[in-house]
Amino acid sequence: DFLGHHCVATVNKTDPRFNRIFIHFDGWEKGGWDFWTTPDSELIAPIGTTESMEMPLDPPMGYLEGGKENFVWQTYLEETMSEPVPRSSFTQRSFFETDSGA
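1. A short note on the sheet that holds strand 3 (residues 35–37)
Pairing is antiparallel in the open sheet, where three strands are placed in the order 1-2-3. Because the sheet does not close on itself, it has two edges, and the strands there are strand 1 (9–15) and strand 3. Across the sheet, the mean angle separating the axes of adjacent strands is 30° when strand polarity is ignored.

If you want it as structure tokens, here you go:
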């Protein structure tokens, strides 16, 4: 959740020395909203989290003509030749998740 939005983002860099990752919001200019955070941050969550919580996900700017409801993670990953960050990489429970571990 960043300013009330749940956005598609990419881990662009990692810094193991300080246990941090650099997040870039897909579809936005580099540098504008990008930020460093740690894997236990409540600002990040694995793919599928918003869907499982029935929360809207903002697709990358300019990616979809048909609206938010047409965004499909698997299609996006294939089209961008990306791989999701494994759920096991998220070291703390995100505020998106429920007590059942969704």
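Following the structure, the description resumes.
2. Notes on the pairing of strand 2 (residues 20–25)
By the criterion of burial, strand 2 is predominantly enclosed, with five of the six residues buried. Pairing of strand 1 with strand 2 involves six bridges; the strand directions are antiparallel. Bridge pairing in strand 2 places T10 opposite H24. Taking the residues between adjacent antiparallel strands as the criterion, strand 1 and strand 2 are bridged by four residues, where N19 takes a positive phi near 50°. Relative to strand 3, strand 2 runs antiparallel, the two sharing three bridges. Note that in strand 3 the partner of I23 across the bridge is F35.

3. What about the packing of aromatic side chains?
All chains considered together, the criterion is met by seven aromatic pairs. Pairing F71 with Y76 gives two aromatic rings, centres 5.4 Å apart and planes at 50°, and the pair type is tilted. Comparing F71 with Y76 shows no difference in burial state: the two are buried. Put simply, the rings of Y63, F71, W73 and Y76 touch in pairs and so form one group of aromatic residues. The ring of F22 carries the charged tip of K13 above its face, separated from the ring centre by 5.0 Å. Looking at R20, its charged tip hangs above the ring of W36, at a distance of 4.0 Å from the centre.

4. A few points about the side chain of D58
Turning to its location among the elements, D58 is positioned in the loop between helix 1 (49–52) and helix 2 (73–79). Of the residues examined, D58 reaches a relative accessible area of 13% and is grouped as buried. In contact with D58, not counting residues within four places along its chain, are H5, H6, C7, V8 and K68.

5. Overview of a nonpolar patch on the surface
On the surface, W28, W33 and M61 cluster together into a nonpolar patch covering about 340 Å² of accessible area. Among the secondary structure elements, M61 is positioned in the loop between helix 1 and helix 2.

6. Thoughts on unusual backbone geometry
We note that N19 has phi near 50°; this positive angle belongs to a residue other than glycine. Residue placement: N19 occurs in the loop between strand 1 and strand 2. Here N19 falls in the partly exposed class, since its relative accessible area comes to 48%. Unlike most non-glycine residues, M81 shows phi in positive territory, near 50°. On the secondary structure map, M81 appears in the segment after helix 2.

Cut-offs applied
Residues numbered from 1 in each chain as written. Predicted model: local features only at pLDDT ≥ 70, side-chain atom pairs only at ≥ 80, totals over all residues. Heavy atoms only, no water. Pairing = 2+ DSSP bridges. Helix = DSSP H or I, 4+ residues; strand = E, 2+ residues; numbered from the N terminus. Axes fitted to C-alpha atoms, helices over the stretch in contact; angles between N-to-C directions. Buried < 20%, exposed > 50% of the residue type's maximum accessible area, 1.4 Å probe, protein only. Phe/Tyr/Trp six-rings, centres within 6.5 Å; stacked < 30°, edge-to-face > 60°. Lys NZ or Arg CZ within 6 Å of the ring centre and 35° of its normal. Contact = heavy atoms within 4.5 Å. Patch = residues over 30% accessible without salt bridge, like charges linked within 9 Å, V, L, I, M, F, W, Y side chains within 5 Å. Areas by Shrake-Rupley, 256 points an atom, 1.4 Å probe, with all protein chains shown as cover. Salt bridge = Lys/Arg side-chain N within 4 Å of Asp/Glu carboxyl O.

Interpretation in functional terms is not warranted from these geometric data alone.
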